[in-house]
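Structural description and commentary
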There are 2 protein chains.
Amino acid sequence: MYLAKVYITLKPTVNDPQGLTIKGALHNLGFTSVEDVRAGKYIEVRIKENNLTKAEEQANEMCRKLLANPVIENYRLDLEKA
Amino acid sequence: MYLAKVYITLKPTVNDPQGLTIKGALHNLGFTSVEDVRAGKYIEVRIKENNLTKAEEQANEMCRKLLANPVIENYRLDLEKA
């Protein structure tokens, strides 16, 4: 069993209205030292698979096919034995 | 300048309809080895602050006051020099 931790972020050139809204709210709360905020997704997928390479392959395929939108998003994967 | 990476997850006992939907979609795509999916948020906050301890304090306060809902969510922080 492996736990795949998937971090999905918008590509740097893509406009991020959610991040801008959070930044505005933080400024309003008095956190004036906040320069920039980018909002992304974090997904944990538990995979029933004993082979690390196979688990990693599957997780990558899941990201390409469903979890991340390759046009506007980047993703990063961490796998750990669970 | 520090970059705070904030990982926000639902507490284990909290129901996660988004995660269940993703799990269903992965099963439909043929990823039958997926046991469980939990969906969370990943936020990057760039803080204009030279002192690591102060930056960390601020990031923690932001999480408590705005980014995470302590009733149903846990958060984890990583700070790195940017």
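Refer to the structure presented above.
Computed from a predicted structure; not experimentally measured.

Each pair of packed helices can be summarised by the angle the axes make with each other and by the distance between the axes. Packing of helix α1 (residues 17–28) of chain A against helix α2 (residues 52–67) of chain B leaves a shortest axis separation of 11 Å and a crossing angle of 105°. For the element pair α1(A) / α2(B), the angle class is roughly perpendicular. On the side of α1(A), the interface is formed by Ile22(A), Ala25(A) and Leu26(A), while α2(B) contributes Met62(B), Leu66(B) and Leu67(B). Across the contact of α1(A) with α2(B), the residue classes tally to six nonpolar, no polar and no charged.

Moving on: the interface of chain A and chain B. A common way to state how big an interface is: give the accessible area lost once the parts meet. In this complex, chain A contributes 32 residues to the contact, which on the side of chain B involves 32 residues. Each partner contributes to the roughly 2800 Å² buried at the junction of chain A and chain B, and carbon and sulfur atoms together form 66% of this total. Remark: the boundary between chain A and chain B carries two salt bridges. As a salt-bridge pair, Lys48(B) and Glu35(A) come within 3.9 Å of each other at their nearest N and O atoms.

What follows covers the sheet that holds strand β2 (residues 34–47) of chain A. What the six strands build is an open sheet, ordered β3(A)-β1(A)-β2(A)-β2(B)-β1(B)-β3(B); its pairing is antiparallel. Strands at the two margins of the open sheet, each flanked by one partner only, are β3 (73–81) of chain A together with β3 (73–81) of chain B. Sheet twist, expressed as the average angle between the axes of neighbouring strands with direction ignored, equals 20°. By the bridge criterion, 13 bridges tie β2(A) to strand β2 (residues 34–47) of chain B in an arrangement that is antiparallel. When the sheet's bridge partners are listed, Asp36(A) is paired in β2(B) with Arg46(B). The sheet strands contacting helix α1 (residues 17–28) of chain B are β2 of chain A together with β2 of chain B, and the helix crosses β2(B) at an angle near 125°.

We now examine the relation of the copies chain A and chain B. Structural alignment of chain A on chain B gives an RMSD of 0.0 Å, achieved by rotating through 180° and translating 0.0 Å along the axis. Read as a symmetry element, the transformation amounts to a two-fold axis. By C-alpha distance to the rotation axis, the residue of chain A lying nearest is Lys41(A), at 2.2 Å. A share of 100% of interface residues in chain A that are also interface residues in chain B marks the association as one of identical surfaces.

Scanning the entire structure with this criterion turns up five aromatic pairs over all chains. Both rings, one in Tyr7(A) and one in Tyr7(B), keep their centres 5.3 Å apart while their planes meet at 65°; by these two values the pair is edge-to-face. Linking Tyr7(A) in strand β1 (residues 2–10) with Tyr7(B) in strand β1 (residues 2–10), this pair reaches from one chain into another. Per residue, the accessibility class of Tyr7(A) equals that of Tyr7(B), and both read buried. Where Tyr42(A) meets Tyr7(B), the ring centres are 5.9 Å apart and the plane angle is 65°; that geometry is what we call edge-to-face. Taken together, the positions of Tyr42(A) in strand β2 and Tyr7(B) in strand β1 put the pair across two chains. With respect to burial, Tyr42(A) and Tyr7(B) carry one shared label: buried. The lysine or arginine in question, Arg76(A), covers the ring of Tyr7(A), its NZ or CZ lying 4.3 Å from the ring centre.

Right, let's talk about the pattern of salt bridges for a bit. Any two side chains of opposite charge can pair, given that their charged atoms come close. All names here are of chain A. Applying the stated rule across the entire model yields eight salt bridges over all chains. Residues Glu61 and Lys65 are paired through a salt bridge, measuring 3.0 Å at the closest nitrogen-oxygen approach. One end of the pair is Glu61 and the other is Lys65, both in helix α2 (residues 52–67) and four residues apart, which spans about a single turn.

So, how was this worked out
Residues numbered from 1 in each chain as written. Chains lettered and ligands numbered in written order. Predicted model: local features only at pLDDT ≥ 70, side-chain atom pairs only at ≥ 80, totals over all residues. Heavy atoms only, no water. Axes fitted to C-alpha atoms, helices over the stretch in contact; angles between N-to-C directions. Helix = DSSP H or I, 4+ residues; strand = E, 2+ residues; numbered from the N terminus. Parallel < 35°, antiparallel > 145°, perpendicular 65-115°, else oblique. Contact = heavy atoms within 4.5 Å. Nonpolar A, V, L, I, M, F, W, Y, C, P; charged D, E, K, R; others polar. Buried area = accessible area lost by both parts, 1.4 Å probe. Salt bridge = Lys/Arg side-chain N within 4 Å of Asp/Glu carboxyl O. Pairing = 2+ DSSP bridges. Least-squares fit on C-alpha atoms with pLDDT ≥ 70 in both. Phe/Tyr/Trp six-rings, centres within 6.5 Å; stacked < 30°, edge-to-face > 60°. Buried < 20%, exposed > 50% of the residue type's maximum accessible area, 1.4 Å probe, protein only. Lys NZ or Arg CZ within 6 Å of the ring centre and 35° of its normal.

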